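Understanding the architecture of this molecule
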Amino acid sequence: MDCCRSANPFRLCSALRVLGSFMVFLVLAIVTLSYYAVVVVAWGPRLSHGFPVSVLASVIIVVFHLLLALLIWSYFMVVFHDPGAVPANWRPLLDEESLERTASATLSDYIAPETRASTSSTPEGIERRPNTGYCARCQNGKPPRCHHCSVCQRCVLKMDHHCVWVVNCVGARNYKFFLLFLIYTFLETILDTFVLLPNFVKFFGDARKHSSSPGNLAVTFLAFVLNLAFALSLLCFVGMHTSLVLSNTTTIEVYEKKKAVIWKYDLGKRKNFEQVFGTKKLLWFLPLFSAEDLEKIPALKGLDFPTRSDVEL
């Protein structure tokens, strides 16, 4: 019985790290395949055709490259950007401390991990770390909305989930980048599906007549099928995460939100959106944050979160 108690049921989760590394190469392979099918085989040769085919080909190739650049940029930002870690010896602020400090807490709020006090909201509506806990595996305090990842073996701030495709956790500080990756991948796969559709239909005729290279036929067929499959599956994910962003909920918090009469983090669609994407409209579509947003929006740091004033904590 002692051996069963000491066994770690999440030990096998570490194998996902190896799988995640493979997924990065798989993503790059699918991107390369789609690039070859769309640009080299399908529409690149049509640039030399007369009007209006050459104009249409130019537009498709420009949009394809624009979405591809944004997709890759967002992807590597998710892969390499830290989702947010709990500061060493973090602890919640005590009642008397919260009276002296402003709502913009800093990462220097440390000391004893055994302090698990629950505090109330400040007049500004910033949650002063109620319902905090302690992680026995990390030997550290746990801020609100923080969860321990069994794959990364650490606590992640405002953890949404661990994504094998990006070999990283998705949390407070890279959730925007993950969403942009989803959106741009969805748009790219939709574009690829439509622009490869004529070639896909033509595939069956060319295959019978042997009028095209077998390699090009195979690439076109495979690229169309893969992009269509990803477009359909990503549609569900984009819809789900759109709903989560607008209600200020993470994937992990969905069940908890169902049990609540009023979700305390739901500040309204506009405010909820800004908690993830920031307030600078020009940067909403880029995997970047302005210095002002990082300073003024506590939720982007992952330690403090605004809450509704009509919910008792």
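Above: the structure in question.
Some words on the pattern of salt bridges
- What the rule picks out here adds up to five salt bridges.
- Its salt-bridge partner being Arg154, residue Asp82 comes within 3.0 Å of it at the nearest N-O pair. Taken together, the residues span a long stretch of sequence, with Asp82 in the loop between helix H3 (53-80) and helix H4 (95-100) and Arg154 in strand S4 (residues 154-156) at a distance of 72 residues.
- Among the salt bridges present, the one from Glu292 reaches Lys296, with a minimum N-O distance of 3.2 Å.

Points about helix H6 (residues 214-246)
- For H6, with 33 residues, the first-to-last C-alpha span of 47 Å sits near the 48 Å given by 1.5 Å per residue.
- All buried positions along H6 are accounted for by Leu217, Val219, Thr220, Ala223, Phe224, Asn227, Ala231, Leu234, Val238, His241, Leu244 and Val245.
- A positive backbone phi angle near 55° is found at Asn248, which sits one or two residues after H6.

Points about the packing of aromatic side chains
- Considering all chains together, one arrives at 12 aromatic pairs under this definition.
- Their ring planes at 80° and their centres at 6.0 Å tell us that Trp165 and Phe230 sit as a pair that is edge-to-face. Highlighted residues: Trp165 in the loop between strand S5 (161-163) and strand S6 (168-170) and Phe230 in helix H6, separated in sequence by 65 residues.
- For Phe230, a relative accessible area of 23% puts it in the partly exposed group.
- One aromatic cluster in this structure is built from Tyr75, Phe76, Phe80 and Phe181.
- Lying over the aromatic face of Phe305, Arg145 brings its terminal NZ or CZ to 5.0 Å of the ring centre.

Quick word on a nonpolar patch on the surface
- Taken together, the side chains of Phe51, Val55, Val59 and Val63 make up a nonpolar region of the molecular surface, amounting to roughly 380 Å² of accessible area.
- Tracing the backbone shows Val55 in helix H3.
- Residue classification places Val55 among the partly exposed positions, given a relative accessible area of 41%.

A look at the state of the cysteines
- Enumeration over the complete set of coordinates arrives at zero disulfides.
- Between Cys149, a cysteine without a disulfide, and Cys169, which holds the nearest cysteine sulfur, the sulfur-to-sulfur distance is 3.2 Å.
- Cysteine Cys163 shares no disulfide, and the gap to the nearest cysteine sulfur, in Cys169, comes to 9.6 Å.
- According to the relative accessible area criterion, Cys163 is buried, its value standing at 8%.

Looking at the nonpolar core
- Core analysis: the largest hydrophobic core is formed by 46 residues, its most contacted members being Trp43, Tyr175, Phe178 and Leu196.
- Those elements giving two or more residues to this core turn out to be helix H2 (15-43), H3, helix H5 (175-209), H6 and helix H8 (269-277).
- A total of 13 residues in this core trace back to one element, the largest contributor, which is H5.
- If sequence neighbours within four positions are ignored, Phe178 has contacts with Val78, His161, Cys163, Val170 and His241.
- If you look at the next biggest cluster of nonpolar residues, it comprises eight residues, including Val86, Cys135, Cys146 and Ala172.

Thoughts on unusual backbone geometry
- Across the junction of Phe51 and Pro52, the peptide omega takes the value 5°, indicating a cis bond.
- Looking at where Pro52 falls in the secondary structure, it is placed in the loop between H2 and H3.
- With a phi close to 60°, Asn89 is a non-glycine residue in the positive phi region.
- Inspection of the secondary structure puts Asn89 in the loop between H3 and H4.

Some remarks on H8
- Among the residues of H8, those classed as buried are Asn272, Glu274, Gln275, Val276 and Phe277.
- At the exit of H8 stands Gly278, carrying a positive phi of roughly 85°.

Quick word on the environment of Ile61
- Assignment of secondary structure puts Ile61 in helix H3.
- Sequence separation between Ile61 and Val38 is 23 residues, and the spatial gap between their C-alpha atoms is 8.0 Å.
- Beyond its immediate stretch of four places on either side in the chain, Ile61 contacts Trp43, Gly44 and Leu47.

Scoring rules and cut-offs
- Residues numbered from 1 in each chain as written.
- Predicted model: local features only at pLDDT ≥ 70, side-chain atom pairs only at ≥ 80, totals over all residues.
- Heavy atoms only, no water.
- Salt bridge = Lys/Arg side-chain N within 4 Å of Asp/Glu carboxyl O.
- Helix = DSSP H or I, 4+ residues; strand = E, 2+ residues; numbered from the N terminus.
- Expected span 1.5 Å × (residues − 1).
- Buried < 20%, exposed > 50% of the residue type's maximum accessible area, 1.4 Å probe, protein only.
- Phe/Tyr/Trp six-rings, centres within 6.5 Å; stacked < 30°, edge-to-face > 60°.
- Lys NZ or Arg CZ within 6 Å of the ring centre and 35° of its normal.
- Patch = residues over 30% accessible without salt bridge, like charges linked within 9 Å, V, L, I, M, F, W, Y side chains within 5 Å.
- Areas by Shrake-Rupley, 256 points an atom, 1.4 Å probe, with all protein chains shown as cover.
- Disulfide = S-S within 2.5 Å.
- Core = buried A, V, L, I, M, F, W, Y, C linked by side-chain atoms within 4.5 Å.
- Contact = heavy atoms within 4.5 Å.

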